[in-house]
Amino acid sequence: MRVSVCPLLMIILSVLPLWGQNTATLAGTAKDPAGNPVHGASIRLENALTGFAAETLSDAEGGFMVGNIPFHSYNVTISKAGFASYENQISLRSNIRVTLEVRLEIAGVSESVTVSERVAILVDPEETGTHLQMNESEIENLPLQVGNRGLEAVLVSFPGFAQNANGAIHARGAHNQMTFVIDGMPISDQLTGAFANAVDPNIVQTVELFTGNIPAEFGNKVSAVTSITTKSGLGFGRKFAGQAMLAAAGFGMLSQVTSVAGENGKFGYSATVNTMKTNRYLDAVSLENLHNGGNNERAFLRLDWIPNDRDIFRLNGIAGRSSFQLANLRSQHAAGMDQRQYLGDASGSFAWVRTIDAQTTFDNTFSYRTTQAQLFDSAGDTPVTATQARHLSTITNGSRFNLIRGRHTLRIGADLQRFPISEFFSFGIADPRFNNPAKPDFNRNLLPYDLSRGGRRFEFADQATGGFYAGFLQDNFRWGDFQVSLGLRYDNYRLLVKRHQLQPRLGLSYHLKATNTVFRASYNRLFQTPPNENLLLSASPLAAAIAPPVIAETLGSALAEIRPERQDFLEAGLQQGLGSRVSAMVTYYHKRSTDQQDNNNFLNTGIIFPITLKSIRVNGVEGRLSITPVRGFSGSLSVTHSRAISTPPFSGGLYIGNDAVALLSQGPFRIDHDQPLSVHGILTWTSRRGIFATLSTRYDSGLVANPSDPAQVAADPDFSDLLPYVRLNQIPARVKARTITDMVIGYERFRNERKLWEISAQVSNLSDATALYNFQSAFVGTRLVQPRTAGVRFRIFF
């Protein structure tokens, strides 16, 4: 029976409290030379490199406030007819409010008053690690692939990511060890299309990515941290407004997005509902795209209230569900296999920020998130039939003190987290050719669960509650032309194992002003906790008892602990301003980890089970070229090289039909995160007449594939026609290189500077390239890139 998140629970969740605010606020007053308030002055805040811009008007008392600002440096312009413009460059790096008291000179006395040198912000001297950002306007114009794609389709355009199937992205040689922080709410679930409901890009105002010198306030899974600031109704300027979008594309894709927002005095609201159905929900496992339909629905609500000058309150509610078929191989489709999966989630958050004095704030958080996943079997299942019911809840409370003391910006905090888990999983072998006793790869441990030979179903059910407790201290300060970042974090993890670690997070940058160059270096000690999803089964004696004998032979025992990963992480690089429009960044990093975290794939179901390997070593080089807007053009070019070497033995997991485990257990090997080269370029053009176009091109040299025997693949009707797209005769085997180009072109209609409607057309995989993400991988399975798909979108604003 399908279990869904009940409406009452979703209502309760939408009003539960959460996180500490990770955005800045700029406030102030505009006055004339005599000290009288200037009403209706335009205040504009912008950073051309990140693309963020915000604008508001001063009130009758000359006051203004801009909130929800990502931490960064900004150019501020205050102007009104009859007055000289005021220009300044400010740094906003804390949730402690920054106040400007501005006297506007009468026009004619001067054209503008510049408080600090106004130059294009092409480098960030205050950043000591890799920190990138993208904003709402850029995201809206990206040619995101139609179908089931969430925010990961945006993130993959940044350097450091290897693209994989069903939206999965590998950050700097890691699997899915990412934390999403949505308005301060930490989510460390594995957010891929086959495993959980991804973050909806339509709710995002700003997305910030940290992949180097991770701030000490972030823990749990930190190979990459994505901090998301959602859209707010405050500063909207209207009591009610919104937009509705309808889209259609190939594979029967239909979707709609409806958003409303507004403000009334000190109260603001923003809400979004997104629904979608398609006949290609997951990346297909065969060229024919068999049995692959699905739908999802997502909803978001944000409420802001600023009752006085000292307090800020915020409530967030997020819910999602998806129901979809699991893509079939040809043999499975012929047998009538009809497996389906259901995913549901609901989250709630409340943020309270209290201003203690002009240089100190306190914020407190409580959050609750619950997720569930179900797999439904069918009568025609082959070669294995399986069912699953999994439930995970995460309860988090966090407190933060934020202080500015002289040159020091301090952040001190503690987090407490509890996560109850329940799991049920059952399978049985349905095809007598699978795990054949006459074959050399026969696993005798699976024989009791071979239904085709009179066996019974394997069944596992268990539940447990874990805890995660952390504290940190973070200090950032300037010392001449140096910026210093000092962090220290302590984590204590308690579930199936108990481990703790002290983690220094140290960073340094130097600004060479003469050439507009910033040099950076950092060292981080990181503590990565195991995935909670399917962890109980993966680490159980039952799973160990059915593992291939080679696992037991390698370990001396088939049962080994799944422990948190401990990692030493070094990064060094530079950022260079080129002229007045271009910023270039180059970074080298090195990671060395013990107890590497990863997953193994259950056939081609998309269900994955946590594993660890003895160690992993990752080296990489990244580059990014960013072009700020010039004559309507802007763009970026990201380049990534990564080498990832894992060392067995394997621990945990559920190895059924993963023949490669025997080969991979023999010694160090390149894991499927390893990719010599990826290049992702984006070029955007916007016309003053409302026409816009974006071209996105990505080249991937190919992830590591399973070392399959080409002769056996050629004789297998499920995979033989995929041989041209994989290189099995090289070491290591890899899928062939691919270049995928997506394009969108559209028109925006305005009246009196207000957008009325928009229409656009998009083509994904413009050249209709046939390519693989991976092939028979023990970690991911086999998945194909989506073929050429055209779509249209119409959006109306009200």
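Reading the values: rules and limits
- Residues numbered from 1 in each chain as written.
- Predicted model: local features only at pLDDT ≥ 70, side-chain atom pairs only at ≥ 80, totals over all residues.
- Heavy atoms only, no water.
- pLDDT = per-residue confidence, 0-100.
- Contact = heavy atoms within 4.5 Å.
- Patch = residues over 30% accessible without salt bridge, like charges linked within 9 Å, V, L, I, M, F, W, Y side chains within 5 Å.
- Areas by Shrake-Rupley, 256 points an atom, 1.4 Å probe, with all protein chains shown as cover.
- Salt bridge = Lys/Arg side-chain N within 4 Å of Asp/Glu carboxyl O.
- Helix = DSSP H or I, 4+ residues; strand = E, 2+ residues; numbered from the N terminus.
- Buried < 20%, exposed > 50% of the residue type's maximum accessible area, 1.4 Å probe, protein only.
- Pairing = 2+ DSSP bridges.
- 1 Å grid on protein atoms, 1.4 Å probe; cavity = no way out; pocket = protein on both sides within 12 Å on 5 of 7 lines; lining within 4 Å.
- Points joined across faces, edges and corners; volume = space filled by probe spheres on them.
- Nonpolar A, V, L, I, M, F, W, Y, C, P; charged D, E, K, R; others polar.
- Core = buried A, V, L, I, M, F, W, Y, C linked by side-chain atoms within 4.5 Å.
- Axes fitted to C-alpha atoms, helices over the stretch in contact; angles between N-to-C directions.

1. Remarks on the confidence of the model for the chain
Here is step 1: Mean pLDDT over the chain stands at 90; residues scoring 70 or higher make up 93%.
Here is step 2: This model gives residues 1-20 a pLDDT under 50, and the stretch forms 68 contacts once residues within four places in sequence are excluded.

2. Description of a nonpolar patch on the surface
Here is step 1: On the surface, Ile 627, Val 630, Phe 633, Leu 683, Trp 685, Ile 691, Leu 695, Met 743, Ile 745 and Leu 766 cluster together into a nonpolar patch covering about 760 Å² of accessible area.
Here is step 2: Counting only elements with at least two residues in the nonpolar patch, the list comes to β31 (608-630), β34 (675-686), β35 (691-700) and β38 (738-751).
Here is step 3: When you line up the elements, Ile 627 lands in strand β31.
Here is step 4: According to the relative accessible area criterion, Ile 627 is partly exposed, its value standing at 35%.

3. Overview of the pairing of strand β6 (residues 85-92)
Here is step 1: Counting buried residues in β6 gives 6 out of 8 residues, a clear majority hidden from the surface.
Here is step 2: One ladder, built from 7 bridges, connects strand β5 (residues 72-79) with β6; its direction is antiparallel. Considered in β6, the bridge of Ile 78 is made with Tyr 86.

4. Some details on the pattern of salt bridges
Here is step 1: By the definition in use, this model includes 39 salt bridges.
Here is step 2: Of the charged contacts, one joins Asp 450 and Arg 453 as a salt bridge, the two residues approaching to 2.6 Å between their closest N and O atoms.
Here is step 3: A relative accessible area of 0% places Asp 450 in the buried class.
Here is step 4: Taken together, the salt bridges that share partners define one network made up of Glu 136, Glu 140, Lys 231, Glu 748, Lys 755, Glu 758, Arg 793 and Arg 795.

5. What about unusual backbone geometry?
Here is step 1: Backbone torsion omega between Thr 382 and Pro 383 reads 0°, so that peptide bond is classified as cis.
Here is step 2: As for its placement among the helices and strands, Pro 383 is situated in the loop between β22 (360-376) and β23 (384-405).
Here is step 3: Of note, the bond from Ile 731 into Pro 732 is cis; its omega dihedral lies within 30 degrees of zero at -5°.
Here is step 4: Note on placement: Pro 732 falls in the loop between β36 (726-727) and β37 (734-735).
Here is step 5: Even without a glycine there, the phi angle at Asn 220 is positive, about 85°.
Here is step 6: In this structure, Asn 220 sits in the loop between β14 (204-210) and β15 (224-230).

6. Focus on empty space enclosed by the protein
Here is step 1: Under the definition given, this model contains 17 cavities of 30 Å³ or more.
Here is step 2: The computed volume of the largest cavity comes to approximately 680 Å³.
Here is step 3: Contributing to the lining of the largest cavity are 37 residues, with Leu 144, Asn 202, Met 245, Ser 255 and Arg 793 lying nearest its centre.
Here is step 4: Sorting the residues of the lining of the largest cavity by element identifies α2 (136-140), β16 (241-249), β17 (253-264), β18 (267-278), β19 (294-305), β39 (754-764) and β42 (789-797) as the ones contributing at least two each.
Here is step 5: Among the elements that take part in the lining of the largest cavity, β16 stands out by supplying 5 residues, more than any other.
Here is step 6: Among the residues making up the lining of the largest cavity, the classes are represented as 16 nonpolar, 13 polar and 8 charged.
Here is step 7: Of the pockets and cavities examined, the second largest cavity occupies roughly 340 Å³.
Here is step 8: What lines the second largest cavity is a set of 25 residues, and nearest its centre among them are Ala 153, Val 156, Gln 163, His 680 and Asp 742.
Here is step 9: Sorting the residues of the lining of the second largest cavity by element identifies α3 (152-155), β34, β35 and β38 as the ones contributing at least two each.
Here is step 10: Here the lining of the second largest cavity is built from residues that sort into 11 nonpolar, 8 polar and 6 charged.

7. Looking at the nonpolar core
Here is step 1: If you look at the biggest cluster of nonpolar residues, it comprises 44 residues, and the most contacted ones within it are Phe 427, Phe 602 and Leu 654.
Here is step 2: Contributions of two or more residues to this core are made by β16, β22, β23, β24 (408-429), β25 (458-479) and α5 (535-538).
Here is step 3: Broken down by element, the residue count for this core peaks at 5 residues, all from β24.
Here is step 4: Non-local contacts of Phe 602, meaning those with residues more than four positions away in its chain, are made with Val 384, Ala 386, Phe 425, Phe 427, Ile 607, Phe 609, Leu 654 and Ile 656.
Here is step 5: Core analysis: the next-biggest nonpolar cluster, separate from the first, contains 30 residues, Leu 151, Met 178, Met 185 and Ala 224 among them.

8. Describing the sheet that holds β14
Here is step 1: Strand order in the open sheet made by the 5 strands is β9-β14-β15-β12-β13, with mixed pairing throughout. Both outer strands of the open sheet, β9 (131-135) and β13 (185-187), are each paired with one neighbouring strand and no more. Taking the axes of each pair of neighbouring strands and ignoring which way they run, one obtains an average angle of 20° across the sheet.
Here is step 2: In this sheet, β13 lies alongside strand β12 (residues 178-182) in antiparallel orientation, the contact comprising 3 bridges. Its bridge partner lying in β13, Phe 180 is registered against Ile 187.

9. Some points on the environment of Arg 149
Here is step 1: For Arg 149, the location among the structural elements is in the loop between α2 and α3.
Here is step 2: For Arg 149, a relative accessible area of 12% puts it in the buried group.
Here is step 3: Considered as a pair, Arg 149 and Pro 201 are 52 residues apart in the sequence and their alpha carbons are 9.0 Å apart.
Here is step 4: For Arg 149, the contacting residues outside a window of four places in its chain are Asn 166, Gly 167, Asp 283 and Arg 298.

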